[in-house]
Amino acid sequence: YSVLKAKYTMPAHRLNDVPIALYFATHFYFSTYHTFSNMMLRMIQTSFQDGWNRKILYWASILCFSYFTAFMETLTISSFPYY
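Residues numbered from 1 in each chain as written. Predicted model: local features only at pLDDT ≥ 70, side-chain atom pairs only at ≥ 80, totals over all residues. Heavy atoms only, no water.

Chemist: Hey, could you run me through the pattern of salt bridges in this one?
Modeler: Inspection of every chain in the model, using the stated rule, returns two salt bridges. Note that Arg14 is salt-bridged to Asp17, the shortest N-O span being 3.9 Å. Residue classification places Arg14 among the partly exposed residues on the basis of a relative accessible area of 32%. Across the salt bridge formed by Arg54 and Asp50, the nearest N and O atoms sit 3.2 Å from each other. Relative accessible area serves as the criterion here: at 59%, Asp50 is assigned to the exposed category. (Salt bridge = Lys/Arg side-chain N within 4 Å of Asp/Glu carboxyl O. Buried < 20%, exposed > 50% of the residue type's maximum accessible area, 1.4 Å probe, protein only.)

Below, the structure written as structure tokens:
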């Protein structure tokens, strides 16, 4: 945020120059990420036998889900007019 010199131009009440409503949006995003990643990793832990294949699948799913999450967050906020 500060490295890219990003600024929010929407009219709003601010805390540390960030609109207060965006704190709630951030909470929603991170709660959603945590819920889906937890469901996915628990499914891998309980559905597959312990071994190297499960470990590789576990770490590969973390890597893929991380990139998917970053891409989808960028895509969903890309059309927001106040950036």
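Chemist: I would appreciate a short explanation of helix H1 (residues 20-47) in the present structure.
Modeler: Note: α-helices contain 3.6 residues per turn, so residues at a spacing of three or four share the same orientation. A rise of 1.5 Å per residue sets the reference length of H1, with its 28 residues, at 40 Å; its end C-alpha atoms lie 42 Å apart and thus fit the reference within 8%. Turning to H1, its buried residues are Leu22, Tyr33, Ser37, Leu41 and Ile44. (Helix = DSSP H or I, 4+ residues; strand = E, 2+ residues; numbered from the N terminus. Expected span 1.5 Å × (residues − 1).)

Chemist: Would you mind showing me how to read helix H2 (residues 52-77) here?
Modeler: With 26 residues, H2 should cover 38 Å at 1.5 Å per step; its first-to-last C-alpha distance of 38 Å lies within 8% of that length. Taken residue by residue, H2 has Arg54, Ser61, Phe65 and Thr69 as its buried positions. Packed against the buried residues of H2 are H1. (Contact = heavy atoms within 4.5 Å.)

Chemist: Got a minute to help me understand unusual backbone geometry in this structure?
Modeler: Backbone geometry follows two general trends: most residues other than glycine have a negative phi, and most peptide bonds adopt the trans configuration. Positive phi, close to 55°, is recorded for Asn16, a residue that is not glycine. Within the secondary structure, Asn16 is located in the loop between strand E1 (14-15) and strand E2 (18-19). For Asn16, a relative accessible area of 68% translates into the label exposed. The backbone of Asp17 shows a phi angle near 65°, a positive value even though the residue is not glycine. Structurally, Asp17 can be placed in the loop between E1 and E2.

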